[in-house]
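# Working through the structure, step by step
Below are the chains, spelled out letter by letter.
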Amino acid sequence: MLPHGGKERGMKVIVVGCHGQMGQPICRFVDEREGMELVGGVGPAGRDYIGRDLGQVAGLGRDLGIPVADDLASVIDECDTLIDVSSVEQCLRTLDLAVEHGKALVTASTGFTPEQFARFEAAGERIPVIFKCNTSKMVNVMLALVETAARALADECDIEIIDQHDRDKLDAPSGTAVIIGNMIAELKGTTLDELAEYGRAGHGARKPGGVGFRSLRAGDITSDHKVYFGGLGERLEITHYSYSDDCFARGAVDCAQFLDGKPAGVYSIKDVFGLR
């Protein structure tokens, strides 16, 4: 008899941050996906769900016979691939363990410094890794549209980026907003530090050629991003709205599946969705 209601087993996946708003749907999509098997979940030490069955903690509605762990090192050898949607600090520990044990890694976490991103780049010499990305397919189509617009309009329009998220999001601007800003800065042949204006108050004209950022944090907004290209007598708006975290969770699982059998290297979300 086949496990999980007839599903073929395949790539074995551990989800780090399995009880979070991204972790739960990721566990669900891994459990449902043909060719993937959910073999572990990890949460922070001291949480009341540590030791409970992963199927119940992740909201699958049934037992999997897998207790949630608080120490990734104790279970990492059960998996082929790690999906980490935890904190920056835990994700960096996950990265070190992935390299040490030779496991593929996908992270959809944000808030890393350039120096921390460099650690992921270096890890790509030893393991297959996807990081520094928004995992929604539609967000990445939006980024492609923004790039097309920026190539044509960046030197003649005022650009503003607005991101909206729930009240608990820690980083502002969002990681996706920063990706957009860096892309525009690269097209302009400069750096985001030179272009960015974060918020605006007081008296004075807009910075010529700059990129403005606004970050709204309120309630349970899932994730919205809007890019304005303001011209004279007209404007272009490119917007992505998400209604739940399912779109990001599904994309993270797509990333993990993409890494199956891949050699060491840093892979792009564009590779996953064929957007090159």
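Residues numbered from 1 in each chain as written. Predicted model: local features only at pLDDT ≥ 70, side-chain atom pairs only at ≥ 80, totals over all residues. Heavy atoms only, no water.

## Points about the sheet that holds strand β5 (residues 128-130)
Here we have 6 strands laid out as an open sheet, ordered β2-β1-β3-β4-β5-β11, and parallel in their pairing. Two strands bound the open sheet, and with one partner strand each, they are β2 (36-42) and β11 (265-267). On average, each strand axis in the sheet is inclined to that of its neighbour by 20°, with strand direction left out of account. Bridge analysis of strand β3 (residues 81-84) against strand β4 (residues 104-107) gives 4 bridges, and the strand direction is parallel. Each bridged residue has a counterpart across the sheet, and for Asp84 the counterpart in β4 is Thr107. (Pairing = 2+ DSSP bridges. Helix = DSSP H or I, 4+ residues; strand = E, 2+ residues; numbered from the N terminus. Axes fitted to C-alpha atoms, helices over the stretch in contact; angles between N-to-C directions.)

## Comments concerning the pairing of β3
In β3, alternate side chains face the same way, and those of Thr81 and Ile83 on one face and Leu82 and Asp84 on the other are all buried. Across 4 bridges, strand β1 (residues 11-16) lies against β3 in parallel orientation. By the bridge assignment for β3, Val15 is matched with Ile83. For the segment spanning β3, helix α4 (residues 88-101) and β4, crossover handedness is right-handed. (Buried < 20%, exposed > 50% of the residue type's maximum accessible area, 1.4 Å probe, protein only. Right-handed = clockwise from strand over helix to strand, strands pointing away.)

## Observations regarding helix α7 (residues 175-187)
If you check α7, its first and last C-alpha atoms are 19 Å apart, about what 13 residues at 1.5 Å a residue would give, namely 18 Å. Within α7 the residues assigned to the buried category are Thr176, Ala177, Ile180, Gly181, Met183, Ile184 and Ala185. Those residues of α7 that are buried are in contact with α6 (137-153), β6 (158-165), α8 (192-195), β8 (211-217) and β9 (223-230). Taken from the residues just after α7, Gly189 is the one with a positive phi, measuring 75°. (Expected span 1.5 Å × (residues − 1). Contact = heavy atoms within 4.5 Å.)

## Re unusual backbone geometry
Here Ala172 and Pro173 are connected by a cis peptide whose omega angle stands at -5°. With respect to the helices, strands and loops of the structure, Pro173 is situated in the loop between β6 and α7.

## What to know about the packing of aromatic side chains
All told, the structure shown has 6 aromatic pairs when counted by the stated rule. Measuring from ring centre to ring centre gives 5.9 Å for Phe258 and Tyr267, while their planes differ by 70°; the resulting arrangement is edge-to-face. Linked through ring pairs, Phe112, Phe117, Phe120 and Phe131 together constitute an aromatic cluster. Sitting over the face of the ring of Phe29, Arg28 holds its NZ or CZ atom 4.8 Å from the ring centroid. (Phe/Tyr/Trp six-rings, centres within 6.5 Å; stacked < 30°, edge-to-face > 60°. Lys NZ or Arg CZ within 6 Å of the ring centre and 35° of its normal.)

## Regarding the pattern of salt bridges
Under the counting rule described, the total for this entry stands at 17 salt bridges. For the salt bridge of Asp254 with Arg33, the shortest nitrogen-to-oxygen distance reads 3.0 Å. One end of the pair, Asp254, is in helix α9 (residues 246-258); the other, Arg33, is in the loop between α2 (23-32) and β2, and 221 residues separate them in sequence. Exposure remark for Arg33: the relative accessible area of 17% places this residue in the buried category. Glu160 is the salt-bridge partner of Arg200, the closest N and O atoms lying 3.2 Å from each other. (Salt bridge = Lys/Arg side-chain N within 4 Å of Asp/Glu carboxyl O.)

## Some thoughts on the nonpolar core
Residues Ile26, Leu54, Ile83, Ile130 and Phe229 are the most contacted members of the largest nonpolar core, which totals 61 residues. Of all the elements, α9 adds the most residues to this core, at 7 residues. Excluding residues within four positions of it along the chain, Ile130 makes contact with Leu105, Val106, Thr107, Cys255, Phe258, Leu259, Tyr267 and Val272. With 23 residues, the next largest nonpolar core counts Val42, Leu82, Phe120 and Ala123 among its residues. (Core = buried A, V, L, I, M, F, W, Y, C linked by side-chain atoms within 4.5 Å.)

## Here's the deal with the environment of Asn134
Positionally, Asn134 belongs in the loop between β5 and α6. Classification of Asn134 as buried rests on a relative accessible area of 9%. Apart from residues no more than four positions distant in its own chain, Asn134 is found in contact with Val139, Asn140, Thr176, Ile179, Phe248 and Ile269. A polar contact is formed between the side chain of Asn134 and the side chain of Thr176, at a distance of 2.8 Å. (Polar contact = N/O pair within 3.5 Å; in protein donor to acceptor, adjacent residues only side chain to side chain.)

## Some thoughts on the pairing of β2
Where burial is concerned, most of β2 is hidden: 7 out of the 7 residues are buried. Pairing between β1 and β2: 6 bridges, direction parallel. Following the sheet pairing, Val13 is matched in β2 by Leu38. A crossover connection joins β1 to the parallel β2 through α2; in handedness this β-α-β unit is right-handed.

## Focus on α4
With 14 residues, α4 ought to run about 20 Å at 1.5 Å a step, and its terminal C-alpha atoms sit 20 Å apart, in line with that. The inward-facing, buried residues of α4 abut β1, β3, β4 and α5 (114-123).

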